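Coordinates in review
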Amino acid sequence: MAFKIGLLGLGTVGTGTAQILQQPTGRHPMVQEIEIYKVGVRSLDKPRSISLPPELLTTDIEAIVTDPAVDIVVELLGGLEPARSLILKAIAHGKHIVTANKAVISRYGDEIFTAANQAGVYVLLEGAVGGGIPVIQPLKQSLGANQIHRITGIVNGTTNYILTQMQTSGGSFNDILGDAQQLGYAEADPTADVDGLDAADKIAILASLAFGGRIKLQDIHCEGIRQVSSADIAYAEKLGFVIKLLALAKRELMAAADTSQEEMLQVRVHPTLVPKAHPLASISGVYNAILVEGEPIGQVMFFGPGAGSGPTASAVVSDIVNIAAVLKTGRDAERLHPLLSCAHQHYCAISPISELVTRFYTRFLTKDHPGVIGSLGTCFGEQSVSLESIVQTGFHGELAEIVVVTHDVREGNFRQALEEIRTLDAVDSIPSILRVL
Ligand code: HSE
């Protein structure tokens, strides 16, 4: 008996998925039990790099998600709508779902998994984070015995490519972004990537799996890489760091109003100075890596291609096969397989960024007057911000450039000190504020 899939979308990942299913030889034997039953596309006339029997293709995508013959709907349309509505409709018609759509899952996971649990169907999403890197199922299954403390990831290939190029060529963000767009490494509208939104979607999903609760996307502090300058990359290099866009999620205990302690999560995305010896520092170009830390495992890092047709299709087909394997061994709609389903009921409490304790790197442009460095030190000192180093690095025209690296400080105190520093006559601007891992 073949398992029939309805494939929604025949773009990059849809085509890669169909190619794997068309060539099952040498793969897991179950791959040949998967039948491409229907493929929903926006246009039948578009030239395609894959040859499929024309009768499989249809523009009536709704008809696929309601077709009684379809077992698994594979949503590879991307974007929020109609993807969300089609997933919900497919679930309502008893279809299992495989998707690589991190934007839909991070925003509507609550609605989708609630509907899926009620309908007794699976929603698998290995391709949504890290492309071909297996990280979703490892978090659900292989690492399930661990108390996860922290996840630190490079989960956006576009920004990692741009930052790597800035580091190796010394070019500016805008020039490298333009080149990346021409080479097809960055989208024409790069907003979701360069402003950190894609990485925020992905860390929301990873944190939810690692810490066993739902995450509200709007609780995630998110900064992109537009403000990272070639000067910062060069100073970071001299100080022994590389700059990476990191997505981080960490479990921590905070003092509650009474004397008890409350478990909260820090979940954030921002450019970060990463020590050169750190395992994530060497991840370059479009690659992704996710470092998971927990007890008793210690550290484990997942590395590989974070996007692309073949790699993401590899994750999608593994999800299809996982569902087919469960269906093959006898499906009980009342009792979903606990290692494949999602049973989260509550939202995790996320601590505000002002409570973060971290080191900072900051670059100031100031008048070159006696006492300026002293005034900076006084403002920081008054907010209990302890400095690791303060160096006048050179000049920008008439202005002196001063780079400060702090010890661990509470972010709220650091920001308060910066507010006071901004009011000093001698301070022209603060072009860069970056956190240090
Ligand atoms: N736009 C993403 C990236 C790939 O640049 O990594 C899809 O998740």
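Structure report, in brief. (Residues numbered from 1 in each chain as written. Predicted model: local features only at pLDDT ≥ 70, side-chain atom pairs only at ≥ 80, totals over all residues. Heavy atoms only, no water.)

1. Structural notes on the packing of helix 6 (residues 157-169) against helix 7 (residues 173-183)
The following threshold applies: Think of each axis as a best-fit line through the C-alpha atoms, taken over the contacting stretch in the case of a helix, with angles from 0 to 180 degrees between the N-to-C directions. The secondary structure listing takes helices from DSSP runs of H or I that are at least 4 residues long and strands from runs of E that are at least 2 residues long, numbered from the N terminus. Geometric relationships in this document are graded by angle, where less than 35 degrees denotes roughly parallel, more than 145 denotes roughly antiparallel, 65 to 115 denotes roughly perpendicular, and other angles denote oblique. Take the far helix as your reference; a near helix turned counterclockwise from it by less than a right angle gives a left-handed crossing, and one turned clockwise gives a right-handed crossing. Residues count as neighbours in contact if any of their non-hydrogen atoms are within 4.5 Å of one another. Only Asp, Glu, Lys and Arg are considered charged, only Ala, Val, Leu, Ile, Met, Phe, Trp, Tyr, Cys and Pro nonpolar, and every remaining residue, Gly among them, polar.
Contact geometry of helix 6 with helix 7 gives a least axis separation of 9 Å together with a crossing angle of 120°. Judged by the angle between their axes, helix 6 and helix 7 are oblique. Once helix 6 is placed against helix 7, the crossing between them reads as right-handed. In this structure, helix 6 uses Tyr-161, Ile-162, Gln-165, Met-166 and Ser-169 to contact helix 7, whose residues at the interface are Phe-173, Ile-176, Leu-177, Ala-180 and Leu-183. Its residues assigned to classes, the contact of helix 6 with helix 7 comprises 8 nonpolar, 2 polar and no charged.

2. A short note on the pairing of strand 4 (residues 72-75)
Along a regular strand, successive side chains alternate from one face of the sheet to the other. Counted only if it meets this: When a residue's accessible area, from a 1.4 Å probe over protein chains only, is under 20% of the maximum for its type it is buried; when over 50% it is exposed; and in between it is partly exposed. The rule for pairing is simple: two strands pair if DSSP sees at least two bridges between them.
With burial as the criterion, each face of strand 4 is covered, one bearing Ile-72 and Val-74 and the other bearing Val-73 and Glu-75. Relative to strand 4, strand 1 (residues 3-8) is paired through 4 bridges, and the arrangement is parallel. Within strand 4, the residue paired with Leu-8 across the bridge is Glu-75. Across 4 bridges, the pairing between strand 4 and strand 5 (residues 96-99) is parallel. Residue Val-73 lies in a different strand from strand 5, and its bridge partner there is Ile-97.

3. Side note on the site of the ligand
How we decide: Near is defined per residue: the residue qualifies when any heavy atom it owns lies within 4 Å of the molecule or strand. For this analysis, a polar contact is any N or O atom pair within 3.5 Å, provided that within protein one partner can donate a hydrogen and the other can accept it, and provided that sequence-adjacent residues contribute only side-chain to side-chain pairs. All accessible-area figures derive from a Shrake-Rupley calculation using a 1.4 Å probe, and residue coverage is judged against the displayed protein chains alone.
Within the structure, the ligand sits among Lys-102, Asn-156, Gly-157, Thr-158, Asp-193, Asp-198, Lys-202 and Ala-307. Taking Lys-102, its side chain carries an N or O atom lying 2.8 Å from an oxygen atom of the ligand. In this structure, an oxygen atom belonging to the ligand sits 2.5 Å away from a side-chain N or O atom of Thr-158. For the ligand, whose accessible area on its own is 260 Å², the fraction buried by protein is 79%.

4. Focus on the side chain of Asn-288
As for its position among the elements, Asn-288 is in strand 11 (residues 287-295). Here Asn-288 is in contact with Gly-130, Ile-133, Ile-154, Val-155, Asn-156, Gly-157, Ile-283, Phe-302, Phe-303, Gly-304 and Gly-306, once residues within four sequence places are set aside.

5. Description of the environment of Val-316
Along the chain, the position of Val-316 falls in helix 11 (residues 309-328). Remark: the alpha-carbon pair of Val-316 and Leu-124, spanning 192 residues in sequence, is separated by 8.5 Å. Discounting chain neighbours no more than four positions away, the residues touching Val-316 are Val-13, Thr-17, Val-74, Leu-76, Val-98 and Ala-100.

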